[in-house]
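Examination of the molecular architecture
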Number of protein chains: 2
Amino acid sequence: MSTPFSFSLAATDGRARTGVIDTPRGQIRTPAFMPVGTAATVKAMLPESVAATGADILLGNTYHLMLRPTAERIDRLGGLHKFMNWDKPILTDSGGFQVMSLASLRKLTEEGVTFASHVDGSKHMLSPERSMEIQKLLGSDIVMCFDECPALPAEDSVVAASMRMSMRWAQRSRDAFGDRPGHALFGIQQGGVNQDLRGESAEALTKIGFDGYAVGGLAVGEGQEAMFGVLDYAPDMLPQDKPRYLMGVGKPDDIVGAVARGIDMMDCVLPSRSGRTGQVFTRHGVVNIKNARHADDPRPLDEDCSCPACRNYSRAYLHHVFRSQEMISGMLLTWHNLHYYQELMQGMRDAIAAQRFDDFVTVFHGLRAEGDIERL
Amino acid sequence: MSTPFSFSLAATDGRARTGVIDTPRGQIRTPAFMPVGTAATVKAMLPESVAATGADILLGNTYHLMLRPTAERIDRLGGLHKFMNWDKPILTDSGGFQVMSLASLRKLTEEGVTFASHVDGSKHMLSPERSMEIQKLLGSDIVMCFDECPALPAEDSVVAASMRMSMRWAQRSRDAFGDRPGHALFGIQQGGVNQDLRGESAEALTKIGFDGYAVGGLAVGEGQEAMFGVLDYAPDMLPQDKPRYLMGVGKPDDIVGAVARGIDMMDCVLPSRSGRTGQVFTRHGVVNIKNARHADDPRPLDEDCSCPACRNYSRAYLHHVFRSQEMISGMLLTWHNLHYYQELMQGMRDAIAAQRFDDFVTVFHGLRAEGDIERL
C-alpha cells in the first residue's frame, strides 16, 4: 500500500512554519525550495547532483513538456520520473502561466486557451480538463489547478473577472482530477494585490477543497514590497493544515520574507538560470564571476560552502571557464546556487524548529549587509 | 622521494603492446587514450567524471592555455592540476600544431612562430624555449617537443625541410627542458608518408634521447589507409623500451589499428566533440541521437554499457534533450563516449596481456559490421 499524501506541521515560530509532506515517493521537508526542471532536466545538472544539493522535489513545466516531447510520449515511456531519472516527488504547474508568457496567437475564453507553440508554431489547447489529463500522463505527484492571471498592475475589475474565472476553472480542475490516492491537487489563490479579492478567492478554493493551496499571481512585476504586502495577509486566509505554495519566488531575501509570512513551498528558475549567466548567490551576497577582479583570486566562492564548486575550484578557475564559455562553468555555478538555496532552506527549517527564526533572519540580513562579497 | 618517470612493457602480442607508465602522479596503463581538456576542462565533464570513465591521464593544450588564462597565471595559482582539479598525470602538447590551425598572422622562422591570438588578436611568440617554459609553468607531467609539420599531401622537399627544422627544434627543446626528475619530455617523429624521412627523423630523435616518442604529422588529412601505411613501419623505428604516442587519433577503428601497429598512447577530441553534436560511439557502431527514429525508443544507447547515460536514460530521453538543446545532452553523451573509449582501451589491454589481440580485433570489427546500430 502506498503512503497517502499528507502534510504535518512540526513547529511554528511566529508565522513561519516547518513540517513534512509525506508522499508515496518520499518526504518533502518544508519550507521547501523546488528547483525547476523545465524540459525534463534541471539545466546543467544531472538529477543525482540535484538530489545531492538536498532537493526533495522538482518542478516540471506542463507547457514545455506538452509541446516537446509531449505528455503522451512521456506516458508511453513510463512517466516523467522514469524519463528524467528522478524518483522523488515532482510538482507540475498547469501550463497556464507559461502559455501566457511564451506562446503566440493566444485566444482566451471561458473554455480555456488556444495558442501556437513557441517551438514550431503548431496549434494547441489548454483547459482545466486538458491540463489535468496532461499532468496525469506525466505522472506528477502534485498537480496544479489550471488558472489564469493578469500582469500587475491591473484594474481591480480586470483582476476580479480573471480571478473568478480561475475559481470556476479550479472547480473544473477538481472535477477532472478525480480521486487519485497518493497524488495531490493544489488550488491557486488569485486576486492580485486586492485583499478583498484574495479573501473571496481563498473562500472559493477552501469550499472546493484541495490538498494544498498556492498563492498565485505574485512575482509578476509588482515588486518585493507589494508582494510582501499581500503575503502579510494572503497565506492566513488559506487552511492552516495544508501546505502553502508561493509560485515562482524568488531571490534569497524574497524566500526568507515569504517563509516569515507562512509560506511552505517555493520554486524559481533564478538559481539555475543565474548559474548559467555567472551570477552566484552566497551567504555574503552576490558574486558576479565574470568580473575581472576574480581572474587571479585563489579563494573559493564561499570558504564555508561544501558544494563541489567551492570545495574544488578557485574563483580564478570559475572566472576562466565562464569567460571561455565552457559548459563546466554553468555546471559548477548552478550546482553551487542550488546548494546555497537548499542550505538556506535547511537553515530556516532548523531555526523554526528551534524557535529562533528571528535570529536566523537577523544573521541572514547581517551577513549580506556586511559584504557585498564583491568587496571582500 | 617521488617516483621517477618510467615505462615498463608487460606483454606484447604481435606488434601490439601493453604496459604501464609510472609517474609521481600515478600510473598510466597502456595502450592509453587521453581525453582532451583544451582550456583546463574536458568539455561538458567534471574531472571526477572523467576519472570515473577510467582515464589515467588528460591532455592539455598549450596554445589555448597560454592565451587564456595564461601559463603565468596558472603557475601563480599552483599549476594546471590544482587549477582544474585533476591530480592524475597531464600531457601538454607544444602549441605548435594549434598555432598553425587556429592562430592568424603566423610568421614561421628558424627561431619559432609569431602569431595573433584567435581570442583577442594579441601578439604572441612560440619557440622551443618558450614552449618548454610554458609547459613547465603549467606543471605538465609529459612535455612535448616544439615542432612543426605541413598539411598532407605535400612535396617531399617541403616535408623534409620541415622535418629537419623540427629535429633542430627537438634538440633545442631537449636543451631547454633540462633535468626535471619525475617529468618527461617526448620527441616527435616527422617525415610525412615518406619512409626514408621517417627513418631520418627517428634516428635524429633517438640520438638526442627522449623519455617517449610521438609519431607526429599524421591525422592531418592523409586518410586512414595512408596513416596505417606509415604506422606499418614508423613505430618500429623508435626505441622499443619507451612509450610511443600517436597524436590526435582518432576514431575507434583508427585506435584499434594503431594499437595493432605498436602504438601505446593516443588522444583525440572526437569522443567529447561528438558527445556535444549527438554522435555516439558504441560497440555496434555509431548512433546519431538526433534521428527521429529514437524519439519513442525506450532502450538505452547500449544495453551492455555501464555508463550513466546507458544505465539511467532511454534513447528517447537522450533524443529529447538533444533536440531541446539541453546541456545534459552534451554531459551524458560525452560521458558515454569517453566511457566507451576507455572500455575499448581496457579491452585491448586485457586482450594483449592474454595473447588474444587478434580475436579482440575480429570481434571488434564483427560487432560493428553486424549492426550499424541505427538498424537494430
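The model shown is predicted, which means the values in this text are computed figures rather than measured ones.

Brief notes about the UniProt feature "domain: tRNA-guanine(15) transglycosylase-like" (unreviewed entry) in chain A
- Summarizing the sequence annotation, UniProt attributes the feature "domain: tRNA-guanine(15) transglycosylase-like" (unreviewed entry) to residues 15-365 of chain A in the numbering used throughout.
- Between the first and last C-alpha atoms of residues 15-365 of chain A the distance is 19 Å; the span itself is 43% helix and 18% strand.

What about the environment of Phe-97 of chain A?
All names here are of chain A.
- Note on placement: Phe-97 falls in helix H5 (residues 96-102).
- Note: C-alpha distance between Phe-97 and Leu-246 (149 residues apart in sequence) is 14 Å.
- Beyond its immediate sequence surroundings of up to four residues, Phe-97 is in contact with Cys-149 and Val-220.

A closer look at the nonpolar core
- Counting residues in hydrophobic clusters, the biggest one holds 202 residues, and the most contacted among them are Met-266 and Tyr-317 of chain A together with Met-266 and Tyr-317 of chain B.
- Considering each element in turn, this core owes the most residues, 14 residues, to helix H14 (residues 327-353) of chain A.
- Met-266 of chain B has contacts with Ala-32, Phe-33, Met-34, Tyr-245, Leu-246, Val-249, Ile-255, Ala-258, Val-259 and Met-345 of chain B, leaving out every residue within four places of it along the chain.
- Of all hydrophobic cores here, the second largest spans 19 residues; its members include Ile-21, Ile-142, Ala-184 and Ile-188 of chain A.

Concerning the packing of aromatic side chains
- On inspection of all chains with the given rule, the structure shows 20 aromatic pairs over all chains.
- Ring geometry for Phe-5 of chain B against Phe-186 of chain B: centres 6.2 Å apart, planes inclined by 80 degrees, an arrangement best described as edge-to-face. Here the residue Phe-5 of chain B occupies a position in the segment before strand S1 (6-13), and Phe-186 of chain B occupies one in strand S11 (residues 184-189), the gap between them amounting to 181 residues.
- Classification of Phe-5 of chain B as buried rests on a relative accessible area of 15%.
- Here Phe-33 of chain B and Tyr-341 of chain B contribute two aromatic rings whose centre-to-centre distance is 4.7 Å and whose plane-to-plane angle is 55 degrees, an arrangement assigned as tilted. One end of the pair, Phe-33 of chain B, is in strand S4 (residues 32-34); the other, Tyr-341 of chain B, is in helix H14 (residues 327-353), and 308 residues separate them in sequence. Accessibility classification places Phe-33 of chain B together with Tyr-341 of chain B in one group, the buried group.
- Among the aromatic residues, those joined into a cluster by ring pairs are Phe-33, Phe-281, Tyr-340 and Tyr-341 of chain A.

Considering the pairing of strand S2 (residues 16-23) of chain B
All names here are of chain B.
- Within S2, six of the eight residues are buried, leaving the element largely enclosed by the surrounding structure.
- Sheet analysis places S1 next to S2, joined by seven bridges and oriented antiparallel. Its bridge partner being in S2, Leu-9 is matched across the sheet by Gly-19.
- As consecutive antiparallel partners, S1 and S2 are separated by two residues, and within that stretch Gly-14 has a phi angle of approximately 65 degrees, a positive value.

Thresholds applied
Residues numbered from 1 in each chain as written. Chains lettered and ligands numbered in written order. Predicted model: local features only at pLDDT ≥ 70, side-chain atom pairs only at ≥ 80, totals over all residues. Heavy atoms only, no water. UniProt positions renumbered as here; feature names shortened; annotations may be inferred. Helix = DSSP H or I, 4+ residues; strand = E, 2+ residues; numbered from the N terminus. Contact = heavy atoms within 4.5 Å. Core = buried A, V, L, I, M, F, W, Y, C linked by side-chain atoms within 4.5 Å. Buried < 20%, exposed > 50% of the residue type's maximum accessible area, 1.4 Å probe, protein only. Phe/Tyr/Trp six-rings, centres within 6.5 Å; stacked < 30°, edge-to-face > 60°. Pairing = 2+ DSSP bridges.

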